[in-house]
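# Structural characterization, general
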Amino acid sequence: MTAARDSSVALGLGSSFLGYVAHGGFLAGLEETGLEVGHIAGSSSGALVAGLHAAGYRSGELRDILLDPEFRVRWLDWIFPARFIPIVIHFPGQVGLLSGKYMRRHLRKLLSAKSDHSEDTRPRLSIAVTNLTTGRTEWKDSGDIANWIIASCAVPGVFKPQRIDGQDYVDGGIADPVACANWESRESVNTVILHQITHPTGTRRFPWTFLRAIGRAHESMAKELFDLQVRLLRATGKKVIIAITETPRPTVLTGRRANERLWNLGRETGLAVAENLPVSAALPMKQTTCAPKSP
């Protein structure tokens, strides 16, 4: 089905540690039903997918990129274990295990390959970043998009702050976990779809690890901010559709078969939201949940 761009519909892809595969599947589901949003924003892993989508990558190409086993490896710096001790003892200048330089290089190649893509067919892009220098959240839509994507993904402690134009930036999901991009003040937008990725919590206790503790703290803050931002959107008369894809928690070791499952879970959510959009958009809030089947 040929997608028709709808400038009144905005899509926010929320922050989720390594959740970009499910975000990609969600976009594929929307695309299958013919929906092309007019605005797209992303925080953290959502910024990665939003940036690629806005550049012109659609379901087939996007799937190949995100499910490529080498894609996740590009986040790593092979000397990152040597940075751990300096970070623990607060050595000046050592504030993150990873730099993001290899992924930035890869993203620049991907984005430049679509540089001739027609502007008329692109949704308007916003990438949420946290400016450490000013202590404010900012939304970026121009310049070196690969830089802004890496900055938005730069979870504090895991990644170094990204120095751009003399200022330091980190994870956009810190204060804008749903990537609203100031849509409450944009009159042209009347429907906002917010795609969240959640994971089963259960009652089983696991030993805390460095990354698990950071991720859990981030999730706790994000839940509170999400509720606040949705209330702000609704207060301005926007129709808000909350799309939730529940997936197993991905890790840096998640294999291709598991990633295919994450993609399919996101796709199912996208299909459900897009197929019911004419009905859902008439409601103040619609929640669509796609939970994984038991292994």
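It should be emphasised that the depicted structure is a prediction, and the values quoted were computed from it without experimental measurement.

Conventions we followed
- Residue numbers restart at each chain and count upward from 1, following the sequence in its written direction.
- Note on the predicted model: pLDDT of at least 70 is required for a residue's local features to be given, and 80 or more for side-chain atom pairs to be given and counted; whole-chain, interface and lining totals, by contrast, use all residues.
- The side-chain quantities take in all heavy atoms of the structure and omit both hydrogens and water.
- Secondary structure elements follow DSSP: runs of H or I of four or more residues count as helices, runs of E of two or more count as strands, with numbering from the N terminus.
- Throughout, a residue-residue contact means that at least one pair of heavy atoms, one from each residue, lies within 4.5 Å.
- The accessible surface values rely on the Shrake-Rupley method and a 1.4 Å probe; as for residues, cover is taken only from the protein chains in view.
- In the sections that follow, a salt bridge refers to a side-chain nitrogen of Lys or Arg positioned within 4 Å of a carboxyl oxygen of Asp or Glu.
- Burial classification: accessible surface area is computed with a 1.4 Å probe over protein chains only, and a residue below 20% of its type maximum counts as buried, one above 50% as exposed, and the rest as partly exposed.
- Angles here are taken between N-to-C directions and fall from 0 to 180 degrees, while the axes themselves are lines fitted to C-alpha atoms, restricted in helices to the stretch in contact.
- Between 65 and 115 degrees an angle is taken as roughly perpendicular, under 35 as roughly parallel, over 145 as roughly antiparallel, and anywhere else as oblique.
- Classification convention: Asp, Glu, Lys, Arg as charged; Ala, Val, Leu, Ile, Met, Phe, Trp, Tyr, Cys, Pro as nonpolar; all other residues, Gly among them, as polar.
- Pairing between two strands requires that DSSP report at least two bridges joining them.
- Aromatic rings from Phe, Tyr and Trp, with only the six-membered ring used for Trp, were paired whenever their centres fell within 6.5 Å, and each pair was classed as stacked if the ring planes differed by under 30 degrees, edge-to-face if by over 60, and tilted otherwise.
- Expected helix span is taken as 1.5 Å per residue step, with the number of steps being one fewer than the number of residues.
- Nonpolar cores were defined as sets of buried Ala, Val, Leu, Ile, Met, Phe, Trp, Tyr and Cys residues, with membership established by side-chain atoms within 4.5 Å.
- We call a crossing left-handed when the near helix sits turned anticlockwise from the far one by less than a right angle, and right-handed when that turn is clockwise.

## Quick notes on the overall build of the chain
The helix and strand inventory of the chain stands at 10 helices and 11 strands. Across the chain, every contact between residues at least 6 apart in sequence was considered, and the portion connecting residues at least 24 apart equals 77%. Put simply, the chain shows about 14,200 Å² of open surface, and 55% of that area lies on carbon and sulfur atoms.

## Brief notes about the pattern of salt bridges
Enumeration over the complete set of coordinates arrives at nine salt bridges. One salt bridge connects E70 with R74, and the closest N-O pair in it is separated by 3.8 Å. Three or more residues are tied together by salt bridges with common partners; here these are R63, R256 and E260.

## Topic: the environment of L30
Locating L30 in the fold gives a position in helix α1 (residues 20–32). By relative accessible area, which is 2% here, L30 ends up buried. When the C-alpha atoms of L30 and G270 are compared, they prove to be 5.0 Å apart, with 240 residues separating the residues in sequence. Beyond its immediate sequence surroundings of up to four residues, L30 is in contact with L11, L35, G270 and A274.

## A closer look at the packing of α1 against helix α3 (residues 59–67)
It is at 10 Å that the axes of α1 and α3 come closest, and there the two elements cross at 170°. Our classification of the angle between α1 and α3 gives roughly antiparallel. When α1 is examined against α3, the residues Y20, V21, G24, L27, A28 and E31 are found in contact with a partner set consisting of S59, L62, L66 and L67. For the contact of α1 with α3, the per-class residue count stands at seven nonpolar, two polar and one charged.

## Looking at unusual backbone geometry
Leave glycine aside and you will find that most residues have negative phi; peptide bonds, for their part, are mostly trans. Phi at S44 takes a positive value of approximately 55°, unusual for a residue other than glycine. Positive phi is not limited to glycine here, since A179 has a value of about 55°. Topologically, A179 is positioned in the loop between β8 (167–170) and β9 (191–198).

## Structural notes on the pairing of strand β10 (residues 239–246)
Counting buried residues in β10 gives six out of eight residues, a clear majority hidden from the surface. Pairing of β9 with β10, which is carried by eight bridges, proceeds in the parallel orientation. Paired with I193 across the two strands is I241, which belongs to β10.

## Details of the environment of V37
By the secondary structure assignment, V37 is in strand β2 (residues 35–43). Along the primary structure V37 and L27 are separated by 10 residues, whereas in three dimensions their C-alpha atoms are 9.8 Å apart. Contact partners of V37, with chain neighbours within four places excluded, come to R5, D6, V9, L11 and P123.

## Looking at the packing of aromatic side chains
What the rule picks out here adds up to three aromatic pairs. A centroid spacing of 5.6 Å and a plane angle of 75° characterise the contact between W75 and F159, whose relative ring orientation is edge-to-face. Of this pair, W75 sits in the loop between α4 (69–73) and α5 (84–88) while F159 sits in strand β6 (residues 157–159), and the two are 84 residues apart along the sequence. The pair W75 / F159 is uniform in exposure class, with both members buried. Ring centres 5.0 Å apart and planes at 85° place the aromatic pair W148 and Y169 in the edge-to-face group. Residue W148 is found in helix α7 (residues 145–153), and its partner Y169 is found in strand β8; the two are separated by 21 residues along the sequence.

## Description of the environment of P86
The topology assignment puts P86 in helix α5. Along the backbone, P86 and L97 are 11 residues apart, and their C-alpha atoms lie at a distance of 9.7 Å. Setting aside chain neighbours within four positions, we find P86 in contact with F91 and Q94.

## A few points about the side chain of H53
Relative to the elements of secondary structure, H53 occurs in helix α2 (residues 45–55). Excluding anything up to four places from it in sequence, H53 contacts L27, E36, I40, R58 and P123.

## Observations regarding helix α9 (residues 256–275)
With 20 residues, α9 should cover 28 Å at 1.5 Å per step; its first-to-last C-alpha distance of 28 Å lies within 8% of that length. Along α9, the residues that are buried comprise N259, L262, W263, L265, G266, T269, G270, L271, V273 and A274.

## A closer look at the nonpolar core
Grouped together as the largest cluster of nonpolar side chains are 58 residues, with contacts concentrated most on L52 and L66. Ranked by size, the runner-up nonpolar core spans 16 residues in total, among them A181, W183, L194 and L233.

## Concerning the packing of helix α6 (residues 101–112) against α7
When two helices pack together, their arrangement is given by the angle between the helix axes and the distance between those axes. Their axes nearest at 9 Å, the elements α6 and α7 cross at an angle of 140°. The pairing of α6 with α7 is recorded here as oblique in orientation. α6 and α7 meet at a crossing whose hand is right-handed. Contacts from M103, R104, L107, R108 and L111 of α6 reach α7 at I145, A146, N147, I149 and I150.

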